[in-house]
Amino acid sequence: MIALTGNILLIFALLSSIVTLFFAKVPVIDGHKKYKFASLFGTFQFLFILFSYILLTYGFVISDFSLVTVWQNSEIQKPLIYKITGVWGNHEGSMLLWLLILSICLFFIIKYDKKIPKSVQLNTIAIQTSIIFAFLLFILFTSNPFALQLPIPIDGVGLNTLLQDPGLIIHPPLLYIGYVGYSVLFSYSVAIMLENKLTDNWARWIEKWAYISWIALTLGICIGSWWAYYELGWGGWWFWDPVENASLLPWITGTALIHSLLNYKSTGQHRDWTLLLSILTFSFSLIGTFLVRSGILTSVHSFASDPQRGLWILIILSFFIFFSLFIFLRNLQKDSEKKDFVFLRRGTFILINNYLLMVSVVVIFFGMMYPLLLEAITGDRITVGPKYFNIVIAPLVILIAILMPIGPNLTWKDNWTQLAVKRLMISFVITIFLIIAMQLVIYENADAFHLLLISLAIWIFIVSIVDLLPRNLSKFRIEFSELRRKNLPIIGSRITHMAFGIMIFGIIYASAYSENKDLKMNLGDKIQIDRFELQYDGFGTHIGENYDDLQINFSLIKDDKKIANMTPAKRFFRKSGDITTEASIHKYYFDHMYITVGEVQEQFIYASVSYKPFVRFIWLGGFLMAFGVLFKTLFRSKIFGTSNA
Amino acid sequence: MTNKVKRLYFYTTATLLSALAIALVLIALDENIIYFYSPSEINQSEDGTLLRVGGLVKDGSLKIGSDLGTKFIIEDNTAEVSVIYNGILPDLFREGQGIVAEGKFIDNLFIANEIVAKHDENYMPKEVYESLKNK
C-alpha cells in the first residue's frame, strides 16, 4: 500500500511541476492568472512531496519491509529515533530529503517573497520548478524509495552501524538545507538575468537566502566534522576527503557571495560577478552531490554507488550549469559607470577577499579532481595527500587573515580615515603584546609558521573587537542608541569574523601542540601525557538497546588526584555483528583528552591516547560564525522591515 | 597616478599572485601525490617512496607482535606483499578483507604508516576492487 501511494504521490508531484511550468512560461495566458496558477501548483508540488516524505518515514517507523529501501536500511529492533532519521541514512531517502527541501524552498518563494516583481517571481518559480522536475525524474527512475519487493522479508538488514549516532539526526538535514538553499539563489539570479529592466533591489531580495543557506551549511559542516572526530576514532576533524571538499567548495563560494552582495548593495558595482557567484555556488552543490552519489571518488561517505545515478546527475548538472552560464553570458552588463579607482576602500578588500576565496576554490577543486584526471589520461591510480591541501591553503589563509580585519574598518567611498588607522594601530599593539605574553606563558617552542598563524588568529579576533568600540567616547550614549538601532547587523558580522579567528586559533594550536601516544597497556599501568596521568583499570560491559559495549575503564589523574573516569568502548551490534570503536573524550577547559581502544585481550589492551589543547575552539569558532550571521540576518530584517527582505 | 595606472597595478598584482599560486600548486602536487599499486604491479625493491598498496589480507597471515606491532600479508591472486604496521588497526580490518596500506618499502618489507579500511562492511576500497577485477 505504502509503495503504491508513495509512487502516486511522486507522480502527482511530477504532474504538478509540469502544470506549474506550463502556467509560468506559456505566453498566451494573462499575467495575473499566470501567477495565481503557477503559485497554486507550486504549492501542490510541495504538498505532494511532503506527503510522500511523511509516508516514507511512516514506512520506516512501522518497519514495512515490502519497501526495498526500508528493508535494506532498517530493522525492527532499531531505536525509534534512528527509524525516523534513518530515512536520510541511505541514498534513496536522502535524495527524497533533498527534493523535499527543494520544494520547501519553492513554497517559501511563493508564500513569503511577495514584494518581488511578479515577472521575476514567475521566472524564479519556473526555474526552481524545473530543478524539482529534474530531481523528481531522477528519483523515480534511478532511486525510487518506494520500490516494492515480494515476498516481504521478516526483518530488515539494518542501518549501517556507524550511522547509528546522534550525528545522523542533525548533520545531513543541515548540510542539505545549505546545499539546496543555494538553489533559491540560483533560481533568483537566473530570473534576474532574464529580466532586462533591473531594479537595484535584487541584492536585498536574495541576501536573506544567502545568509540562511550559509548558516545551515556552516552548521552542517561543523557537525559533520565533530561527528567524524568522535565516531571514526581517528581524532581528526578534517581529512580533506573528497566529500568534505565537496561541501567546502559551496561554502567558500557562498562566503564570497555574501561579501560580494554587500559590495553590490553599497556601491552598485560587480553585478555580474555577484550573479555568477550565486550560479557557481549552487553548481558546486550539484557537483558535490554528483561526486558523492556516483561514487567516482573514493570517500568515507560511501552509499551504494551506481554509475547510472552518476550519469543522471551529470546530465542534470551539465544542463543547469550550461543553461545558467548561457543566460549569464547573454546578459553580461558592462559596469555602467567606471568610478574613481580608490584602492583603500572596502570594495577593494571585498574584491581581494573574493579573489583569494576563488583561488582557494580552484586549488581545492584541482586537488580533488586530479586523481580522476590522471587516471583518465595515464591510467595511474593516485591519491592526493592531505599535505597538498595544507600546503596550498596555508598561504591563502595567511593572506586572508592579514587582510580580513582591515576591510571592515574602511569606508565604501574614501581612502583611510584617521579612525581606522588609529584602531588598526591599537589592535596591532594589543596583538603583539598578547603574542609575547603567550610565548612567555607557554613553554613549548612554537615554530615560526605556527606562531605566525596563531598571531594572525589573535589579530583577527582583536581587530574585530576593537572595531565594535564606540567611535567617540564622549558621545557614547548617542552612539549606543545608534548602535542598537542601526549597527546590530554590523555586530553580527564582527562576531563572525572574530569567530573565524577563534577557529583558526583552534586548528593551528591543536595541530601544533597535540600529544599522541599509541601504546600497549597492562592492567594498572599508568602513563604520562601532557600534565595528566592515565591509568588502565580493567574492563566491563554495558548493555545498549541493540548493541553491547565492552567498556575499558581509565582513570584520569592530575596532581595525584583522580579527576575523571574515562570509558572508551568497543561496540558490538547484535544483529549485524559489526564492531565500532567508541572514543571517550574528556573536556578540560578548551582541551580534549581523547582515548580510543584497539585490540583488547585478557592481559593487555592497545590504546591510542591524545591530548588536544584548544581543540574545542574549532567547533566553538564554527558555531559562533553561524551565530554571527544569524544575528545579522535577524536584525537586518527587523530594521529594514519585510518590505526589503 | 591616474585611475588607469592604478587599475593596471591592481590587476597585474592579481595576475602575478595567480601565477605564484599555480606554481605552488604544481610543486605541492608533485610532492604529495601517492601512487596506488596492487601487489602484482609493485616493484618491491623500490625503497623509500611513499605509496599505497591495496589487496586482500591473506588468511592466516596476521601476526600480532608485542608492542602494537602487527605483521600481515596483502595479496591479490598472483602476488603478495609483507606488511609491518605499528599502530592500532581499524575496526574493519580482518583477514580476507580488502584494505589499502600506505607506507614505504624498506628492505623488501612494506612499512605501513596508515591502514585505510573504509566504513561500510560491504565496501571494498574502489582501487582494490578494480585491481582484483582485472585479474
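Quantities reported herein were computed from a predicted structural model and do not represent experimental measurements. (Residues numbered from 1 in each chain as written. Chains lettered and ligands numbered in written order. Predicted model: local features only at pLDDT ≥ 70, side-chain atom pairs only at ≥ 80, totals over all residues. Heavy atoms only, no water.)

For this particular structure, what's the right way to read the overall build of chain B?
Across its full length, chain B carries two helices and seven strands. Helices (α) and strands (β) of chain B occur, in sequence order from the N terminus, as α-β-β-β-β-β-β-β-α. Here chain B holds 135 residues, and 41% of them are scored as buried. Within chain B, residue pairs in contact and separated by at least 24 positions form 57% of the contacts whose partners lie at least 6 positions apart. Accessible area of chain B: about 7,200 Å², with a carbon and sulfur share of 54%. (Helix = DSSP H or I, 4+ residues; strand = E, 2+ residues; numbered from the N terminus. Buried < 20%, exposed > 50% of the residue type's maximum accessible area, 1.4 Å probe, protein only. Contact = heavy atoms within 4.5 Å. Areas by Shrake-Rupley, 256 points an atom, 1.4 Å probe, with all protein chains shown as cover.)

Can you walk me through helix 2 (residues 31-61) of chain A in this structure?
Owing to its 3.6 residues per turn, the α-helix aligns residues three or four sequence positions apart on the same side. Here helix 2 of chain A spans 45 Å end to end across 31 residues, near enough to the 45 Å set by a 1.5 Å rise per residue. A positive phi of about 55° marks Ser63(A), the residue just after helix 2 of chain A. (Expected span 1.5 Å × (residues − 1).)

Before we go on, may I ask you to explain the pairing of strand 4 (residues 69-75) of chain B in this structure?
Along a regular strand, successive side chains alternate from one face of the sheet to the other. All names here are of chain B. With respect to burial, strand 4 is a largely interior element, five of its seven residues being buried. One ladder, built from two bridges, connects strand 2 (residues 51-57) with strand 4; its direction is antiparallel. When the sheet's bridge partners are listed, Val-57 is paired in strand 4 with Ile-74. Note: strand 3 (residues 63-64) against strand 4, two bridges, orientation antiparallel. Across the sheet, Ile-64 pairs through a bridge with Thr-70, a residue of strand 4. Note: strand 4 against strand 5 (residues 80-86), seven bridges, orientation antiparallel. The residue bridging Phe-72 from the neighbouring strand is Val-83, located in strand 5. What sits between strand 4 and strand 5 in their antiparallel hairpin is a turn of four residues. (Pairing = 2+ DSSP bridges.)

I tried to follow the pairing of strand 6 (residues 98-106) of chain B on my own but got confused; where do I start?
Residues and elements named next belong to chain B. Of all the nine residues making up strand 6, seven are buried; the element is thus mostly covered by neighbouring parts of the structure. Of the strand pairs in this sheet, strand 2 and strand 6 are connected by six bridges, and their pairing is antiparallel. Directly across from Gly-54, in strand 6, lies its bridge partner Val-100. Bridge count for strand 6 against strand 7 (residues 109-116) is seven bridges, and the pairing is antiparallel. Note that in strand 7 the partner of Glu-102 across the bridge is Glu-114. Turn length for the strand 6-strand 7 hairpin, with the two strands adjacent in sequence and antiparallel, is two residues, and the turn residue Asp-107 shows positive phi of about 50°.

What exactly am I supposed to notice about the pattern of salt bridges here?
Opposite charge on two side chains allows them to pair when their charged atoms are near. Residues and elements named next belong to chain A. A full pass over the atoms with the stated rule returns 15 salt bridges over all chains. The partner of Arg-494 in a salt bridge is Asp-467, and the shortest N-O contact between them spans 2.4 Å. Here the residue Arg-494 occupies a position in helix 17 (residues 488-513), and Asp-467 occupies one in the loop between helix 15 (448-466) and helix 16 (476-486), the gap between them amounting to 27 residues. Across the pair Asp-549 and Arg-571 runs a salt bridge, and its minimum N-O distance is 2.9 Å. In this pair, Asp-549 is assigned in strand 5 (residues 547-558) and Arg-571 in strand 7 (residues 569-573), connecting sequence segments 22 residues apart. Assigned by exposure class, Asp-549 and Arg-571 land together as buried. The network of salt bridges with common partners includes Arg-423, Asp-467 and Arg-494. (Salt bridge = Lys/Arg side-chain N within 4 Å of Asp/Glu carboxyl O.)

Mind showing me how you'd approach a nonpolar patch on the surface here?
Nonpolar side chains collect at one region of the surface, where Leu4(A), Ile8(A), Ile11(A), Phe12(A), Leu15(A) and Ile18(A) lie side by side and expose about 530 Å² of accessible area between them. Tracing the chain through its elements places Leu15(A) in helix 1 (residues 2-25). (Patch = residues over 30% accessible without salt bridge, like charges linked within 9 Å, V, L, I, M, F, W, Y side chains within 5 Å.)

Hey, could you run me through the environment of Trp416(A) in this one?
Note that Trp416(A) resides in the loop between helix 13 (386-403) and helix 14 (418-441). Between the C-alpha atom of Trp416(A) and that of Arg345(A), which follows or precedes it by 71 residues, the distance is 7.3 Å.

What's the story with the nonpolar core in this structure? I'm lost.
One broad rule of soluble globular proteins: the nonpolar side chains tend to lie buried together. All names here are of chain A. Among the nonpolar cores identified, the biggest contains 174 residues, and Leu-99 and Phe-135 are the most heavily contacted of them. With residues up to four places along the chain from it excluded, the contact list for Leu-99 reads Leu-10, Ile-49, Ile-132, Phe-135, Leu-136 and Ile-139. Counting 21 residues, the second largest nonpolar core, distinct from the first, contains Ile-527, Leu-550, Val-609 and Tyr-611. (Core = buried A, V, L, I, M, F, W, Y, C linked by side-chain atoms within 4.5 Å.)

Can you help me understand the packing of aromatic side chains in this one?
Geometrically, a pair of aromatic rings is defined through the distance of the ring centres and the angle of the planes. Residue and element names in this part refer to chain A. Under the defined criterion, the tally for this structure stands at 50 aromatic pairs over all chains. On the numbers, 4.9 Å between centres and 10° between planes, the contact of Trp-240 with Phe-389 is stacked. Taken together, the residues span a long stretch of sequence, with Trp-240 in the loop between helix 8 (202-231) and helix 9 (242-267) and Phe-389 in helix 13 at a distance of 149 residues. Just as Trp-240 is buried, Phe-389 falls in that class too. Through a chain of ring-to-ring contacts, three or more aromatic side chains come together here, namely Phe-12, Phe-22, Phe-23, Phe-37, Phe-41, Phe-44 and Phe-48. Just above the ring of Tyr-35 sits the side chain of Lys-118; from NZ or CZ to the centre is 4.6 Å. Positioned above the aromatic ring of Phe-604, the side-chain terminus of Lys-520 is 4.5 Å from the ring centre. (Phe/Tyr/Trp six-rings, centres within 6.5 Å; stacked < 30°, edge-to-face > 60°. Lys NZ or Arg CZ within 6 Å of the ring centre and 35° of its normal.)

Explain the confidence of the model for chain A here, please?
Low-pLDDT portions of the prediction should not be read for the details of their coordinates. Here chain A averages 87 in pLDDT, and 90% of its residues register 70 or above. Across residues 639-645 of chain A, confidence stays below pLDDT 50; counting only partners more than four residues off in sequence or on other chains, it has 14 contacts. (pLDDT = per-residue confidence, 0-100.)

Where do I start with empty space enclosed by the protein in this structure?
A probe matching the size of a water molecule, rolled over the atoms, marks out where space remains unfilled. Residues and elements named next belong to chain A. Scanning the model with the defined rule gives four cavities of 30 Å³ or more in all. Considered as a void within the structure, the second largest cavity measures approximately 50 Å³ in volume. Along its surface, the second largest cavity is lined by Glu-75, Val-157, Leu-159, Thr-161, Asn-546, Phe-573, Arg-574, Lys-575 and Ser-576. Looking at the lining of the second largest cavity, its residues break down into three nonpolar, three polar and three charged. Looking at which domains feed residues into the lining of the second largest cavity, each of domain 1 (1-159) and domain 4 (515-612) gives three or more. (1 Å grid on protein atoms, 1.4 Å probe; cavity = no way out; pocket = protein on both sides within 12 Å on 5 of 7 lines; lining within 4 Å. Points joined across faces, edges and corners; volume = space filled by probe spheres on them. Nonpolar A, V, L, I, M, F, W, Y, C, P; charged D, E, K, R; others polar. Domains from an automatic or database assignment.)

Please clarify how unusual backbone geometry should be interpreted in this entry.
Most peptide bonds take the trans configuration, and most residues that are not glycine carry a negative phi. All names here are of chain A. The omega torsion of the bond from Leu-150 to Pro-151 falls at 0°, within 30 degrees of zero and hence cis. Looking at the element boundaries, Pro-151 is found in the loop between helix 6 (118-142) and helix 7 (166-194). In this structure, Asp-560 takes a positive phi of about 65° despite not being glycine. Assignment of secondary structure puts Asp-560 in the loop between strand 5 and strand 6 (561-566).

Would you mind going over the sheet that holds strand 9 (residues 584-588) of chain A with me for this structure?
Within a sheet, each strand pairs with its neighbour through backbone hydrogen bonds, oriented either parallel or antiparallel. Residue and element names in this part refer to chain A. Read from one edge to the other, the open sheet built from four strands follows the order 2-11-10-9, with strand pairing classed as antiparallel. Two strands close off the open sheet at either side, each with one partner strand: strand 2 (515-522) and strand 9. Averaged over all neighbouring strand pairs, the angle between strand axes comes to 20°, with direction disregarded. Helix 8 contacts strand 9, strand 10 (591-600) and strand 11 (604-612) of the sheet and is inclined by roughly 45° relative to strand 10. (Axes fitted to C-alpha atoms, helices over the stretch in contact; angles between N-to-C directions.)

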